[in-house]
Amino acid sequence: MKRSIRKVAVLGSGIMGSRIACHFANIGAEVLLLDIVPKEITEEEQAKGITLDNKTFRNKIVNAALENTIKSNPSAIYSKKVLSNITTGNFEDNMKDIASCDWVIEVVVERLDIKKQIYDQVEKFRTPGTLVSSNTSGIPIHLMAEGRSEDFRAHFCGTHFFNPPRYLRLLEIIPGPETKPGLIDFLMHYGDKFLGKTTVLCKDTPAFIANRVGVYSIMALLHLVEKMDLTVEEVDKYTGPALGRPKSATFRTTDVVGLDTMINVAGGLYNNLPDDKAHELFELPGYVKKMQENKWFGDKTKQGFYKKVKGEDGKSEILALDLKTFEYKPQQKIKSATLDATKLVEDLRERMKVFAKGTDKAGDFFRSSFFGLFEYVSDRIPEISDELYRIDDAMRAGFGWELGPFEVWDAIGVKESIEGMEKYGHHAASWVHEMLAGGNASFYKVENGRKHYYDIPSKSYKAVPGTDEFIILDNIRESKTLWKNSGTSVIDLGDGILNLEIHTKMNTIGGEVIQGLNKAIELAEKDYRGLVIGNDGANFSAGANIGMIFMAAVEQDWDEINIAIRMFQNAMMRVRYSAIPVVAAAHNLTLGGGCELCLHADHVQTSAETYMGLVEFGVGLIPGGGGSKEFALRISDEFKEGQIEQMTLRDRFLTIGMAKVSTSGVEACELGYLQKDKYSITMNRSRLISDAKEKAIELADAGYTKPVQRKDIRVLGKQGMGIVYAGANSMFAGNFISEHDKKISEKLGYVLCGGDLSAPTLVSEQYLLDLEREVFLSLCGEKKTLERIQSILTKGKPLRN
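The notes below deal with the structure included here. A quick note: this is a predicted structure, and the numbers were derived from the prediction, not measured.

### Quick look at the overall build of the chain
- Check the secondary structure of the chain and you find 34 helices and 23 strands.
- The principal-axis extents of the C-alpha atoms in the chain amount to approximately 80 × 70 × 65 Å.
- The proportion of buried residues among the 801 residues of the chain is 55%.
- If you average the places of the 101 positive and of the 109 negative side-chain charges in the chain, the two averages end up 2 Å apart.

See the structure below:
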């Protein structure tokens with residue numbers, strides 16, 4: 001049966017339900033969001049004449065839940081426009097409307113009796129063949145399917161999203177005993193390609209995969225705290241970014257999610273897994289029981305492992321809980337020779353080796369926690385999964401680990417680790433010993449650019465399914481690199497397409513990146529068909545290297561800055577006017593110079609999660625790599641007969657002047673950074689470079705020809721500058737901006753309006769680039785600008801608004 005998803009019903013509008021509804025709306029699906037009817041009418045509602053039959057009253061719960069989700073931060077939606085895809089209703093009046101839905105997702109409270117009541121109603125109204133799934137985080141799928149019709153059981157399964165569903169990439173697919181295999185295949189593909197998820201096939205076991213392993217890891221760590229006499233600060237320092245984990249690490253994450261939530265899940269595993277070898281670890285340690293008694297659950301109760309207080313000076317301070325005295329104290333700085341050593345190692349796999357060999361408390365903690373984890377995950381096969389890669393996929397996508405447990409094991413050496421595990425009282429499963437005895441030294445290996453995993457039943461390596469559609473640069477860099485320097489690599493993607501990979505810190509753009517960009521275009525124009533600019537790092541690019549600009553400005557070496565900016569502008573123009581199509585594969589932070597690179601590409605293949613912006617205003621500058629020029633050009637192109645030109649100028653001016661950063665790839669278009677006919681969205685980040693390559697091929701096959709430089713850009717001159725100056729003066733007079741901000745605003749307006757021209761005039765791109773560079777140089781000499789840049793550099797933060 002050919003299946004497509006056009007309309008989705010989400011039953012239950014709580015935190016998860018409303019967010020799942022928003023994510024389906026994000027991808028363009030029509031969504032019906034339903035919840036219960038309120039039991040009683042309030043006196044205030046009665047005073048307004050609202051009755052029990054009133055639609056506003058009957059949909060009060062669902063509408064309030066959706067409204068709260070819309071207000072949540074980070075945002076659950078790509079753009080406010082997607083909200084038009086969602087219709088709300090209630091179970092009593094609107095359950096009949098699920099008849100027109102292609103997928104019905106149940107997201108009600110985690111009680112089997114209530115879920116079964118909902119399924120009774122679903123059975124009455126669903127069209128035969130309609131997909132039905134539950135977002136349960138642990139109730140057995142086979143119990144929910146009991147008593148249902150044959151058609152229901154054949155089309156029913158678990159689809160476990162992680163919160164927040166827009167941002168966490170894991171989607172666990174759990175078949176029931178009678179679920180059609182074709183339906184599972186469809187969901188695995190749909191979740192990957194259209195919802196942007198890492199879809200993981202799970203067995204119907206308690207907590208499935210991610211929560212089973214993740215909660216074990218957390219509970220083992222909580223007990224290790226007592227054993228090793230660890231502090232809250234030490235644990236979060238050891239288990240944060242240095243370990244390839246989220247910045248919120250362990251205890252801060254627990255505060256955000258809620259300690260009570262973790263306690264409930266752990267309690268469920270303790271009750272449902274009496275034969276688990278680690279059964280006793282799912283019991284709460286003493287200090288957690290004390291926190292439970294005190295109701296110190298984290299953010300929801302205003303205190304947990306951390307507590308935010310205001311000092312006598314009125315400034316906020318976050319205190320850490322002393323787990324012995326149960327008093328909150330100022331956070332202590334953690335010193336560790338092992339942690340200091342890891343700071344020098346950029347490659348995470350190599351960093352794991354440093355942790356494993358550490359001789360201090362951090363090293364002992366690493367071995368104690370990971371050796372236990374290695375034993376646990378090896379024992380879970382085949383109980384929760386037949387394939388080891390599914391466990392790694394689940395932990396990376398669901399818990400934000402950069403490396404899954406088997407990947408960490410590989411990094412520090414499987415054979416070496418087993419010897420260490422024995423000393424710590426842990427033992428790997430027998431199949432791991434058999435793997436080593438068979439001459440297989442690792443769980444993974446790369447062959448012909450594809451990642452392979454060790455398959456336990458066949459005792460051989462097999463390609464990880466689905467990865468043939470991905471391009472993973474780590475897997476091909478060694479064999480396919482044509483040229484490289486300290487900041488970039490030019491890699492052959494095949495089919496006549498090259499890729500320029502930037503690999504500087506935060507992928508900032510400096511001289512080495514400009515050199516690499518020019519070299520990539522040179523090679524592509526000579527022997528290839530197109531160029532992709534993309535990487536597998538955390539961000540596309542955090543912008544230009546402002547440290548270099550700062551040092552030159554301090555030395556008042558204006559010639560050096562002028563040359564550097566001219567080189568940057570020339571490189572951007574070469575991207576725009578090369579003889580081959582250039583496609584930028586943008587994702588996550590795409591700021592400043594990274595944004596300017598996208599502005600000049602022939603096409604931008606952007607991840608749905610792209611945070612794009614020209615943010616130079618924040619440090620007292622204007623975009624100097626062609627960004628200001630490009631916005632002037634787009635203002636000219638966007639002007640249509642009958643419009644007021646000054647309104648278009650104002651909107652685009654404010655985008656730069658307020659250093660606006662998009663909250664999604666969709667919003668990047670709304671802000672004017674992306675053009676409607678020159679960008680596409682990739683939902684699954686893992687597919688981004690592959691999709692960008694296909695777009696480059698498409699442009700080449702369509703007969704791509706080198707564009708002609710523009711000389712027909714209409715600028716408003718003094719007419720437009722008057723609008724800008726009046727607005728800046730008004731903002732300054734109202735104390736909304738500083739005097740320096742007023743000056744930057746006027747200089748930005750000067751460029752966007754084409755300078756001091758007496759009347760609207762047609763100018764060239766080069767004319768605008770020269771103006772842009774002139775203004776950029778003048779602002780580099782401003783004391784306030786240098787102070788702002790110094791502040792950014794001192795804090796080590798990316799240039800953002």
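That covers the picture; the talk isn't over yet.
### Notes on the pairing of strand S5 (residues 131-134)
- Side-chain alternation along S5 places Leu131 and Ser133 on one buried face and Val132 and Ser134 on a second face that is also buried.
- Relative to S5, strand S4 (residues 103-106) is paired through four bridges, and the arrangement is parallel. Its bridge partner being in S5, Glu106 is matched across the sheet by Ser134.
- In the classification by handedness, the crossover that spans S4, the intervening helix H6 (residues 112-125) and the parallel S5 is right-handed.
- Pairing of S5 with strand S6 (residues 156-161) involves three bridges; the strand directions are parallel. The residue bridging Ser134 from the neighbouring strand is Gly158, located in S6.

### Points about helix H14 (residues 286-294)
- The complete set of buried residues in H14 reads Tyr287, Val288 and Met291. The arc enclosing the buried residues of H14, seen along the axis, measures out at 100 degrees, which places them on a common side.
- Contacts from the buried residues of H14 go to helix H10 (210-228), helix H12 (251-257), helix H13 (259-272) and strand S10 (316-321).

### Section: the packing of helix H27 (residues 627-638) against helix H32 (residues 739-752)
- Contact geometry of H27 with H32 gives a least axis separation of 9 Å together with a crossing angle of 55 degrees. What the angle tells us is that H27 and H32 run oblique. In the crossing of H27 with H32, the sense of the turn from one axis to the other is right-handed. In this structure, H27 uses Ser628, Phe631, Ala632 and Ile635 to contact H32, whose residues at the interface are Leu748, Val751 and Leu752.
- Of the residues contributing to the contact of H27 with H32, the split by class is six nonpolar, one polar and no charged.

### Considerations on the packing of helix H16 (residues 348-357) against helix H17 (residues 361-379)
- In the contact formed by H16 and H17, the axes pass within 6 Å of each other and the chain directions differ by 105 degrees. On the basis of the axis angle, H16 is roughly perpendicular to H17. Contacts between H16 and H17 pair Met352, Phe355, Ala356 and Lys357 from the former with Gly363, Phe366 and Arg367 from the latter.
- For the contact of H16 with H17, the class distribution of residues is four nonpolar, one polar and two charged.

### A few points about the pattern of salt bridges
- All chains considered together, the criterion is met by 56 salt bridges.
- Where Asp299 meets Arg252, a salt bridge forms, and the shortest distance between an N and an O atom there is 3.1 Å. Separated by 47 residues along the polypeptide, Asp299 in the loop between H14 and strand S9 (306-310) and Arg252 in helix H12 bring together distant segments of the chain.
- The class for Asp299 is partly exposed, based on a relative accessible area of 37%.
- Asp495 serves as the salt-bridge partner of Lys693, at 2.8 Å between the closest nitrogen and oxygen. One end of the pair, Lys693, is in helix H30 (residues 688-701); the other, Asp495, is in the loop between strand S16 (488-494) and strand S17 (497-502), and 198 residues separate them in sequence.
- Relative accessible area serves as the criterion here: at 8%, Lys693 is assigned to the buried category.
- One connected set of salt bridges, linked through shared partners, spans Arg576, Lys629, Glu630, Arg634 and Glu765.

### Some words on the environment of Gln790
- Note on placement: Gln790 falls in helix H34 (residues 783-795).
- The class for Gln790 is partly exposed, based on a relative accessible area of 44%.
- Separated by 217 residues in sequence, Gln790 and Met573 have C-alpha atoms that sit 29 Å apart.

### Some points on the sheet that holds S9
- Taken together, the three strands give an open sheet; going across it, the order is S9-S10-S11, and neighbouring strands pair in antiparallel fashion. Each having just a single partner strand, S9 and strand S11 (328-330) make up the two edges of the open sheet. Adjacent strand axes in the sheet meet at a mean angle of 45 degrees when their direction is disregarded.
- Two elements, S9 and S10, share five bridges in a ladder whose sense is antiparallel. Paired with Lys307 across the strands is Leu319, a residue of S10.

### Notes on the side chain of Asn475
- Within the secondary structure layout, Asn475 lies in helix H22 (residues 473-480).
- Excluding residues within four positions of it along the chain, Asn475 makes contact with Val446, Gly449, Arg450 and Lys451.

### Description of the packing of aromatic side chains
- Tallied over the full model, the rule gives 28 aromatic pairs.
- Ring geometry for Phe355 versus Phe366: centroids 5.5 Å apart, planes at 10 degrees, classification stacked. Here Phe366 lies in helix H17 and Phe355 lies in helix H16, a separation of eleven residues in the sequence.
- Through a chain of ring-to-ring contacts, the aromatic side chains of Phe355, Phe366, Phe370, Phe371, Phe374, Phe406, Trp409, Tyr424, Trp431 and Phe443 assemble into a single cluster.
- Note that Lys290 overlies the ring of Phe326, its terminal NZ or CZ placed 5.8 Å from the centroid.

Each value, and the rule that gives it
Residues numbered from 1 in each chain as written. Predicted model: local features only at pLDDT ≥ 70, side-chain atom pairs only at ≥ 80, totals over all residues. Heavy atoms only, no water. Helix = DSSP H or I, 4+ residues; strand = E, 2+ residues; numbered from the N terminus. Buried < 20%, exposed > 50% of the residue type's maximum accessible area, 1.4 Å probe, protein only. Lys, Arg positive; Asp, Glu negative; His and termini not counted. Charge placed at Lys NZ, Arg CZ, Asp CG, Glu CD. Pairing = 2+ DSSP bridges. Right-handed = clockwise from strand over helix to strand, strands pointing away. Arc of directions from axis to C-beta. Contact = heavy atoms within 4.5 Å. Axes fitted to C-alpha atoms, helices over the stretch in contact; angles between N-to-C directions. Parallel < 35°, antiparallel > 145°, perpendicular 65-115°, else oblique. Left-handed = near helix turned anticlockwise from the far one by under 90°. Nonpolar A, V, L, I, M, F, W, Y, C, P; charged D, E, K, R; others polar. Salt bridge = Lys/Arg side-chain N within 4 Å of Asp/Glu carboxyl O. Phe/Tyr/Trp six-rings, centres within 6.5 Å; stacked < 30°, edge-to-face > 60°. Lys NZ or Arg CZ within 6 Å of the ring centre and 35° of its normal.

In short, the description is geometric, and any link to function would need to be established separately.
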